[in-house]
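# Residue-level structure breakdown
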Amino acid sequence: MFETFDAQLLARIQFAFTVSFHIIFPAFSIGLASYLAVLEGLWLWKKDKVYLELFNFWKTIFAVAFGMGVVSGIVMSYQFGTNWSVFSDKAGPVIGPLMGYEVLTAFFLEAGFLGVMLFGLKRVGPGLHYLATCMVALGTLISATWILAVNSWMQTPAGFAMNDVGQFVPVDWWAIVFNPSFPYRLTHMVIAAYLTTAFVVGGVGAWHLLRRTAPRRAGVMFSMAMWMAAIVAPIQILAGDAHGLNTLEHQPAKVMAMEGHFDSHADGAPLILFGLPNQAEKRVDYAIEIPKLSSLILKHSLNAPLAGLDTIDDDKEPPVAVVFWSFRVMVGLGFAMLGVGLWSLWCRYRGRLHDCSALHRVAVLMAPSGFVAVLAGWITTEVGRQPYTIYGHLLTADSISPIAAPAVAASLIAFIIVYFFVFGAGTFYILRLMARLPRDPMPDLDDGPVRASGITPVAQAAEGGKHGH
């Protein structure tokens, strides 16, 4: 039944499906590991038990998310051999060592200290335990560094040469790792991970504030999350702008697709807010645009010329509609996060951060926004790179294994069934854990006798005196 399907398209769908499931867990665990380090550091500094209680609450959630991230990541590596063996053969001399470095540094660091962080507080003492937590957080950042180095090299390849059999071989490892887009992609992704975690933490805190189950614990986590949103969201917008300018320099076709510019503009290009890209007719139907604003954003000049997709061969154009809309989803959510952060500052200024139910409801709705924004950003990045796997050098059509469509389709169906069952159950369990924030402990009683209501200590003493005589 799958003989008429395209094996390349099915292989791309399979990789997109598995990587979409995978990326949400590292995006969460990177930020959550750093949040755990902050919580434990505040507990050690302020001696306030609420920070330790929140640490223990989020520690369990981190463990589940981390485990699902590891499992989902292993599956992707097998696809390099089954579906993309030509890519693996040609790019292996560069990609292989970088992936190996990720295992030898980040994964071993995380694995070595994760058990201590999860189970070792009463065994190794607070100081060493805090070191373990920091090492786990550092490991997640190192992991992101190597993975982003690999992906960035595929986007803006540098420091390589081609050997006699058509393989990419390393010439300068510094140029390979620190390729032109690497600093921008790493910064953008790490900040995205922190924002993703901030809105999850903020959503959980807001949920419990609305239910009044644990006002102090919920209030602390909500306050911390809103500080992160207010401070980091504008930084992310600036980092995204810098990343976009870098992409315009090195991958102009991707930016043309993001902007929906089928035609070149010699005296200032409009910013198309919304519309329906029509790649067959080379236009955006029903476009709502602001004149010259795209030139101002990308070239910092209203009248700066911008090239369009009419300067690109048709077979080298990315799928415009997908890139156009995924980019707008990402940017729209980014500004929504900024709005929530600014709203929280206003409520904090008025002393209503913990009792503004409207803000809390919006924060609950925005809890998954980071995951959606990360997925939209990765779709923009990866689909915008098409028709290449290694930009400008290796076509996707030349990267696939000699595999039949039915074989790819069968494994894709199996992945869909297993993933929705296994990771659906894992996600459901995480949501259950988030809903079970322990209630705030009762305040400590003053030293003294425990007595029933209406019986005063004086009466108790007098009664005792009578019995004594």
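Labelled according to an unreviewed UniProt entry, the protein chain appears under the name Cytochrome ubiquinol oxidase subunit I, originating from Rhizobium terricola.

### What to know about the overall build of the protein chain
On a plain count of helices and strands, the protein chain comes out with 15 helices and 6 strands. Viewed in the frame of its principal axes, the protein chain has a C-alpha envelope of about 110 × 50 × 50 Å. In the protein chain, buried positions account for 47% of the 469 residues. Sequence-distant contacts, at least 24 apart, represent 77% of the contacts inside the protein chain between residues at least 6 apart. Per element, the accessible surface of the protein chain, about 22,900 Å² overall, is 68% carbon and sulfur. The protein chain carries 30 positive and 31 negative side-chain charges, and their two centres are separated by 15 Å.

### Describing a nonpolar patch on the surface
A contiguous nonpolar surface patch, about 700 Å² in accessible area, is contributed by Leu273, Phe274, Leu276, Tyr286, Ile288, Ile290 and Trp325. Mapped onto the fold, Ile290 is located in strand 4 (residues 283–290). Using a relative accessible area of 34% as the deciding quantity, one classes Ile290 as partly exposed.

### Some thoughts on the pairing of strand 4
Looking along a regular strand, one sees the side chains alternate between the two faces of the sheet. The pairing of strand 3 (residues 271–278) with strand 4 spans 6 bridges and is antiparallel. Counted as the bridge partner of Asn278 is Arg283 from strand 4.

### So, the packing of helix 8 (residues 215–250) against helix 11 (residues 320–349)
Two elements in contact, helix 8 and helix 11, have axes whose closest approach is 8 Å; the angle formed by their N-to-C orientations is 135 degrees. The angle between helix 8 and helix 11 falls in the class oblique. The way helix 8 lies across helix 11 gives a crossing that is left-handed. Facing helix 8, whose interface residues are Ser223, Met226, Trp227, Ala229, Ala230, Ala233, Pro234 and Ile237, helix 11 presents Gly334, Phe335, Met337, Leu338, Val340, Gly341, Ser344, Leu345 and Arg348. Of the residues assigned to the contact of helix 8 with helix 11, the class counts are 12 nonpolar, 4 polar and 1 charged.

### A look at the pattern of salt bridges
All told, the structure shown has 9 salt bridges when counted by the stated rule. Across the pair Asp314 and Lys282 runs a salt bridge, and its minimum N-O distance is 3.2 Å. Of this pair, Asp314 sits in the loop between helix 10 (293–299) and helix 11 while Lys282 is found in the loop between strand 3 and strand 4, placing the two residues 32 residues apart along the sequence. Judged by its relative accessible area of 56%, Asp314 is exposed. Taking the relative accessible area as the measure of exposure, Lys282 reaches 28% and is therefore partly exposed. Within this structure, Glu281, Arg283 and Asp285 form a network of salt bridges that share partners.

### Side note on the nonpolar core
Trp58, Ile61, Phe62 and Met221 are the most contacted members of the largest nonpolar core, which has 67 residues in total. Broken down by element, this core gets its largest block of residues, 13 residues, from helix 2 (residues 49–82). The contacts of Trp58, once residues within four sequence positions are left out, are Phe28, Leu32, Tyr35, Leu36, Leu39, Val200, Val201, Val204, Met221 and Met434. In terms of nonpolar packing, the next biggest core, distinct from the first, is built from 33 residues, Ile23, Val177, Leu186 and Met189 among them.

### Overview of unusual backbone geometry
The residue after Gln386, namely Pro387, is reached through a cis peptide bond having omega 15 degrees. Considering the arrangement of structural elements, one finds Pro387 in the loop between helix 13 (369–384) and strand 5 (388–390). The backbone phi angle of His300 is positive, close to 60 degrees, even though this residue is not glycine. Mapped onto the secondary structure, His300 falls in the loop between helix 10 and helix 11.

### Some remarks on the packing of aromatic side chains
All told, the structure shown has 26 aromatic pairs when counted by the stated rule. A centroid spacing of 5.5 Å and a plane angle of 65 degrees characterise the contact between Tyr388 and Tyr391, whose relative ring orientation is edge-to-face. Both residues of the pair, Tyr388 and Tyr391, belong to the buried class. An aromatic cluster of three or more residues is present, and its members are Phe17, Phe21, Phe25, Phe415, Tyr419, Phe420 and Phe423. The ring centre of Phe324 lies 3.6 Å from the NZ or CZ of Arg328, which sits over that ring.

Basis of the calculations
- Residues numbered from 1 in each chain as written.
- Predicted model: local features only at pLDDT ≥ 70, side-chain atom pairs only at ≥ 80, totals over all residues.
- Heavy atoms only, no water.
- Helix = DSSP H or I, 4+ residues; strand = E, 2+ residues; numbered from the N terminus.
- Buried < 20%, exposed > 50% of the residue type's maximum accessible area, 1.4 Å probe, protein only.
- Contact = heavy atoms within 4.5 Å.
- Areas by Shrake-Rupley, 256 points an atom, 1.4 Å probe, with all protein chains shown as cover.
- Lys, Arg positive; Asp, Glu negative; His and termini not counted.
- Charge placed at Lys NZ, Arg CZ, Asp CG, Glu CD.
- Patch = residues over 30% accessible without salt bridge, like charges linked within 9 Å, V, L, I, M, F, W, Y side chains within 5 Å.
- Salt bridge = Lys/Arg side-chain N within 4 Å of Asp/Glu carboxyl O.
- Pairing = 2+ DSSP bridges.
- Axes fitted to C-alpha atoms, helices over the stretch in contact; angles between N-to-C directions.
- Parallel < 35°, antiparallel > 145°, perpendicular 65-115°, else oblique.
- Left-handed = near helix turned anticlockwise from the far one by under 90°.
- Nonpolar A, V, L, I, M, F, W, Y, C, P; charged D, E, K, R; others polar.
- Core = buried A, V, L, I, M, F, W, Y, C linked by side-chain atoms within 4.5 Å.
- Phe/Tyr/Trp six-rings, centres within 6.5 Å; stacked < 30°, edge-to-face > 60°.
- Lys NZ or Arg CZ within 6 Å of the ring centre and 35° of its normal.

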